[in-house]
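# Working through the structure, step by step
What follows is each chain in one-letter form.
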Amino acid sequence: FEDRAWAERAEEICAPVKLAVRRLDLEATADLDGRADLVVRSTDMFTQMLDDLERTLPNDPKGQAIVPAWIADWRTLTDDRYAYADRLRSGEEVPFTETPVQGVPITERIEAFAGDNEMDSCAPPRAGVL
């Protein structure tokens, strides 16, 4: 999309969140409740990040059309993360699973959009705290 100022602002919003989530990796634990807590804490950070991104949308028509869809994908991912935390709390030691969209993992869609629009910090984590 054309509104580069919005993309720059998005990067400024996302970068500190990405760093804070990385710091949570230092608290990693094998304890399921502890892992669930980390998942919730990091997902809460992503939820606040999305709220901040939604406050103002890009000013160009393409951006106004596609950014809300990208944020909706992120919201689906946060729902997946909260559901994963619930599974951990219930004693299920299972791998994280995410919602596919048209056969593509949702994180790939989110990451591609962030990369294509020079908002690399707005991509979801690929490793570490889930």
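To start, this report covers the structure provided alongside it. (Residues numbered from 1 in each chain as written. Predicted model: local features only at pLDDT ≥ 70, side-chain atom pairs only at ≥ 80, totals over all residues. Heavy atoms only, no water.)

Right, let's talk about the packing of aromatic side chains for a bit. Between two aromatic rings, the relevant description is the distance of the centres plus the angle of the planes. Using the criterion set out here, one finds 5 aromatic pairs in the structure. Look at Phe46 and Trp74: their rings are 5.0 Å apart centre to centre, the planes differ by 40 degrees, and that puts the pair in the tilted class. Taken together, the residues span a long stretch of sequence, with Phe46 in helix α2 (residues 32-54) and Trp74 in helix α3 (residues 61-89) at a distance of 28 residues. The pair formed by Phe46 and Trp74 is uniform in burial state, with each residue classed as buried. Taking 5.5 Å as the distance between ring centres and 80 degrees as the angle between the ring planes, the aromatic pair formed by Tyr84 and Phe96 counts as edge-to-face. Taken together, the positions of Tyr84 in helix α3 and Phe96 in the loop between α3 and β1 (100-101) put the pair 12 residues apart, joining distant regions of the chain. For Tyr84, a relative accessible area of 8% corresponds to the buried category. Judged by its relative accessible area of 17%, Phe96 falls in the buried class. An aromatic cluster is defined as three or more aromatic residues linked by ring pairs; in this entry it consists of Phe1, Trp6, Trp70 and Phe113. The ring of Phe1 carries the charged tip of Arg4 above its face, separated from the ring centre by 5.4 Å. (Phe/Tyr/Trp six-rings, centres within 6.5 Å; stacked < 30°, edge-to-face > 60°. Helix = DSSP H or I, 4+ residues; strand = E, 2+ residues; numbered from the N terminus. Buried < 20%, exposed > 50% of the residue type's maximum accessible area, 1.4 Å probe, protein only. Lys NZ or Arg CZ within 6 Å of the ring centre and 35° of its normal.)

What makes a disulfide is a covalent bond joining the sulfur atoms belonging to two cysteines. In this structure the tally under the stated criterion is 1 disulfide. The residue that forms a disulfide with Cys14 is Cys122, at a sulfur-sulfur distance of 2.1 Å. Taking the sign of the S-S torsion, about 95 degrees here, the bridge from Cys14 to Cys122 comes out right-handed. Linking Cys14 in helix α1 (residues 4-24) with Cys122 in the segment after α4 (106-116), this pair joins segments that are 108 residues apart in sequence. Here Cys14 and Cys122 have matching classes, each one buried. (Disulfide = S-S within 2.5 Å.)

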